[in-house]
Every structure is written in structure tokens, then in C-alpha cells.
Amino acid sequence: MSTGAIIGLVVAVVVVLAVLAFVLRPAMQRKKLRDRFGPEYDRAVSESDSRTAAEKELAEREHRHSEFDLKPLSPSAQESYRKHWATVQTKFVDSPESAIADADRLVTDLMAERGYPTEGYEAQLSVLSVEHARTLEHYRKAHDISERQEIGEASTEDLRTAMVHYRELFTDLLEHGGAARNDKEAVRKEKSDV
């Protein structure tokens, strides 16, 4: 084979690889976002003007999320939150409206202690969607019932349902996300000690 033919073949292979990378990159990014955000990916796409715009928004959420100093809770803090949650649940029997308000505050307090911003419901949804997308719908439903309760449109059964939804997010916030960060920090510390 002549040198020109070899060069032509190499150029053709490079062009094919470049085209494949260009074509496959969006599909790989889409898969990554679907895996990370789960049902929140589909929700973002359905609420957006285009899939590209939704994916850009989700990628921006990841970027904003990476800037927070999220931290796991100590075992004693976890136990304290569990006890507080048990108190809120017990309160539900005698005062469901008050218990729902307490559940919402407790979730917000837990978010704050973990390092999440708590300046507004929409902002909370946005940052929670990165690590807690699977339980985010529970938060939406609980919040919706909570708002309906404030204007007198939620039954006791609705409030019970809200309590269950708050518990799902509460448990996810309390138990997930911290261990992985501890492992990453331990690996980082081991590397720096070497």
C-alpha cells in the first residue's frame, strides 16, 4: 500500500471516529442525565420547550449542586432527627395540621444542616433533584397538600398522605448521600497522607 493510501486511510478513520464522537456524545450525555435524574429527567423534558433546553437546565442544576458544601450528618445528629420525626408523627394524631407544618420545617432544617440552600421551594426542588430525584415527587405532593391545607382544602386523609410523602423525603435526606461523601473524603485524605 502506498504512503498516500495509508495517509488517506488514517484520515478516513479519524474522520469516522470524529463523526461518531459527535453523534454519540449527546446520546451519552442524555443517558447520564436520565440515570442521574430518573423521573425528574422526564418531568424536565415534558415541562420544557425542547429536550435540549431541558438537558441544559439539568446540567446547570448539576453544576450549581457541585458548588454546595454538602455534608453527612453525624450519627448523633441523625438520631436526633429521627427522634424529632417520631415526635412529629405522634403529634399528627391530635393535631394533623400542626404536624404537617412541623414536618415541612423539619425537612427544611435537615436540608439546611446537610448544606442545601433553603431560600425557596422551587430552589429546593432544583438542588434536591440532583441527589434525591427519586423521592422528589414525594416532596412535590406533600408540599401541594400542605398548601391546600393552608386554605382549608385538605382532608385529614390528605394530611396523612402528606405525612407519608414528607417521611419519604426525610428518610432519603437523612440516610442517603452522606456515606458516599464520607468514602470520597476518606479516599482523598488517604491520598493526601501518602
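Here, every reference points to the structure presented above.
Bear in mind the structure is a predicted one, so any value in this text is a computation, not a measurement.

Cut-off values and rules
Residues numbered from 1 in each chain as written. Predicted model: local features only at pLDDT ≥ 70, side-chain atom pairs only at ≥ 80, totals over all residues. Heavy atoms only, no water. Helix = DSSP H or I, 4+ residues; strand = E, 2+ residues; numbered from the N terminus. Rg over C-alpha atoms; globule rule 2.2 N^0.38 Å. Buried < 20%, exposed > 50% of the residue type's maximum accessible area, 1.4 Å probe, protein only. Phe/Tyr/Trp six-rings, centres within 6.5 Å; stacked < 30°, edge-to-face > 60°. Contact = heavy atoms within 4.5 Å. Axes fitted to C-alpha atoms, helices over the stretch in contact; angles between N-to-C directions. Nonpolar A, V, L, I, M, F, W, Y, C, P; charged D, E, K, R; others polar. Expected span 1.5 Å × (residues − 1). Bend = angle between axes of the 7 residues up to and from the residue. Core = buried A, V, L, I, M, F, W, Y, C linked by side-chain atoms within 4.5 Å.

Caption draft 1: Representation of the overall build of the protein within the structure. Looking only at helices and strands, one finds eight helices and zero strands in the protein. Counting from the amino terminus, helix and strand elements in the protein follow one another as α-α-α-α-α-α-α-α. For the protein, whose C-alpha radius of gyration is 23 Å, the value lies well above the compact-globule estimate of 16 Å for 194 residues. With respect to the principal axes defined by its C-alpha atoms, the protein has extents near 90 × 50 × 25 Å. Considering the protein as a whole, with its 194 residues, one finds that 34% of them fall into the buried category.

Caption draft 2: Quick peek at the packing of aromatic side chains. Enumeration over the complete set of coordinates arrives at three aromatic pairs. Grouped by ring-pair contacts, the aromatic residues Tyr121, Tyr139 and Tyr166 constitute a single cluster.

Caption draft 3: Structural view of the side chain of Glu55. Mapped onto the elements, Glu55 comes out in helix α3 (residues 51-66). Residue Glu55 is classed as buried on the basis of its relative accessible area, which comes to 11%. Here Glu55 is in contact with Arg30, Leu33 and Tyr41, once residues within four sequence places are set aside.

Caption draft 4: View of the packing of helix α1 (residues 3-37) against helix α2 (residues 39-47). Contact geometry of α1 with α2 gives a least axis separation of 5 Å together with a crossing angle of 115 degrees. The residues of α2 that touch α1, namely those facing Arg30, Leu33, Arg34 and Phe37, are Pro39, Glu40, Tyr41 and Asp42. Here the contact of α1 with α2 is composed, by residue class, of four nonpolar, no polar and four charged.

Caption draft 5: Structural context of helix α6 (residues 121-150). Between its first and last C-alpha atoms α6 spans 16 Å; for 30 residues at 1.5 Å apiece the expected length is 44 Å, and the helix comes up short by more than 12%. Its axis deflected by about 125 degrees at His132, α6 carries its strongest bend there.

Caption draft 6: Focus on the nonpolar core. By size, the foremost hydrophobic cluster in this structure holds 31 residues, and its most contacted members are Val107, Leu128, Tyr139, Met163, Tyr166, Phe170 and Leu173. Counting residues per element, this core draws most heavily on helix α7 (residues 156-175), which supplies eight residues. Ignoring anything within four residues of it in the chain, the contact list for Tyr139 reads Asp104, Val107, Tyr121, Gln124, Leu125, Leu128, Tyr166 and Leu169. Listed in part, the eight residues of the second largest apolar core include Phe37, Tyr41, Leu58 and Val130.

Caption draft 7: Up close: the environment of Arg82. Inspection of the secondary structure assignment puts Arg82 in helix α4 (residues 75-94). As for Arg82 and Thr171, which are separated by 89 residues in sequence, their C-alpha atoms are 8.8 Å apart.

Caption draft 8: Molecular detail of the environment of Asp49. Note on placement: Asp49 falls in the loop between α2 and α3. As for Asp49 and Val14, which are separated by 35 residues in sequence, their C-alpha atoms are 35 Å apart.

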